[in-house]
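Chain by chain, the residues:
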Amino acid sequence: DRLTLSFLTRTNLAKNPVAAELFQIMATKQTNLCVAADLTISTDILNLAEQVGPYICVFKTHIDIIEDFHPNLLKPLQEIAERHNFILFEDRKFADIGKTVELQYSKGIYQVSSWAKLVTAHSITGKGVLDAIKESVGLEKRGVFLLAETSAAGSLINENYTEATLTLAEQYPELIAGIVCQSPLFLQTPGLIQLTPGVQLEAKSDNLGQQYNSPESVILEKGADVAVVGRGITKSAKPEIAAEKYKNLLWAAYSKRLQK
Ligand code: BMP
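What you are looking at is a predicted structure, and each value in this text was computed from that prediction instead of being measured.

Here we look at the packing of helix α5 (residues 98-106) against helix α6 (residues 127-135)
Between α5 and α6, the shortest axis-to-axis distance is 8 Å and the interhelical angle comes to 40°. Put simply, α5 runs oblique to α6. Classified by chirality, the crossing of α6 by α5 is right-handed. For the pair formed by α5 and α6, the contact residues are Gly-98, Val-101, Glu-102 and Tyr-105 on the first element and Gly-128, Val-129, Ala-132 and Ile-133 on the second. Its residues assigned to classes, the contact of α5 with α6 comprises five nonpolar, two polar and one charged.

Concerning the site of the ligand
Among the 14 residues in the neighbourhood of the ligand, the closest are listed as Asp-38, Lys-93, Ser-151, Tyr-212 and Arg-231. A distance of 2.8 Å separates an oxygen atom of the ligand from a polar atom in the side chain of Gln-210. Side-chain polar atom of Arg-231 to an oxygen atom of the ligand: 2.7 Å apart, as the coordinates give it. When the free accessible area of the ligand is taken as 480 Å², the share hidden by the protein chains comes to 88%.

Re the UniProt feature "domain: Orotidine 5'-phosphate decarboxylase" (unreviewed entry) in the protein
Summarizing the sequence annotation, UniProt attributes the feature "domain: Orotidine 5'-phosphate decarboxylase" (unreviewed entry) to residues 32-246 in the numbering used throughout. Taken end to end, residues 32-246 has its terminal C-alpha atoms 9 Å apart, with 33% of it in helix and 18% in strand.

Calculation rules
Residues numbered from 1 in each chain as written. Predicted model: local features only at pLDDT ≥ 70, side-chain atom pairs only at ≥ 80, totals over all residues. Heavy atoms only, no water. Axes fitted to C-alpha atoms, helices over the stretch in contact; angles between N-to-C directions. Helix = DSSP H or I, 4+ residues; strand = E, 2+ residues; numbered from the N terminus. Parallel < 35°, antiparallel > 145°, perpendicular 65-115°, else oblique. Left-handed = near helix turned anticlockwise from the far one by under 90°. Contact = heavy atoms within 4.5 Å. Nonpolar A, V, L, I, M, F, W, Y, C, P; charged D, E, K, R; others polar. Near = heavy atom within 4 Å. Polar contact = N/O pair within 3.5 Å; in protein donor to acceptor, adjacent residues only side chain to side chain. Areas by Shrake-Rupley, 256 points an atom, 1.4 Å probe, with all protein chains shown as cover. UniProt positions renumbered as here; feature names shortened; annotations may be inferred.

If you want it as structure tokens, here you go:
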């Protein structure tokens with residue numbers, strides 16, 4: 001199944017072009033670490049991208065939390081992403097009717113579709129969200145991660161919702177790059193990527209319902225291909241040292257998984 005195939009092998013099984021590119025980057029840079037760049041000042045975002053760039057495969061943003069946002073941020077960010085070979089991923093979690101998602105994805109000050117190769121979407125409103133992302137203007141190569149489970153305590157998502165989300169994903173093989181979840185799902189679809197947030201070494205939770213697992217546990221027990229680490233890196237005094245540490249732990253866990 002998916003868990004014992006190498007990322008390099010899975011490159012050829014991906015139906016979404018960004019998923020294929022991501023598998024390739026992971027294999028080349030030997031990293032399955034995604035940093036959650038949840039910082040609110042533009043220069044801090046750029047500095048973080050430079051510092052952790054060598055150790056990550058994906059740089060995940062919440063672009064709408066930046067206090068001094070100006071579209072001028074995007075060019076240097078894309079330049080750093082190209083130089084360090086990682087993918088820009090806007091965690092927008094689109095969840096509205098298709099028409100509104102189309103506007104949110106390609107209009108407004110953020111113009112997400114012009115720079116983010118990957119975005120997240122909720123499955124709650126069904127296929128309209130995916131049709132909108134598929135049809136909008138923007139980058140030619142784009143991919144969507146659908147949210148099937150969450151790391152939040154007390155989430156309203158149940159097994160039926162998770163299953164229905166996977167069924168929806170199957171209907172858009174060329175658009176869907178992967179699934180955001182907390183357990184080993186879609187084991188027979190190795191072309192899709194499991195992205196799992198809620199990863200930290202220091203803490204088990206925060207005071208707003210976030211729940212953390214260790215790097216080893218998310219890769220070996222919960223089926224993650226790519227692990228998302230935010231505050232474990234961004235709150236560290238030396239983000240580049242923390243990123244290297246998480247990278248090594250995650251890659252060691254992945255290597256161990258291949259031997260199983
Ligand atoms: P942190 O490691 O600091 O808790 O950050 C986690 C990041 O992953 C946040 O950007 C959050 O929006 C995202 N995330 C999550 O924590 N749980 C989910 O289920 C889905 C997410 O996108």
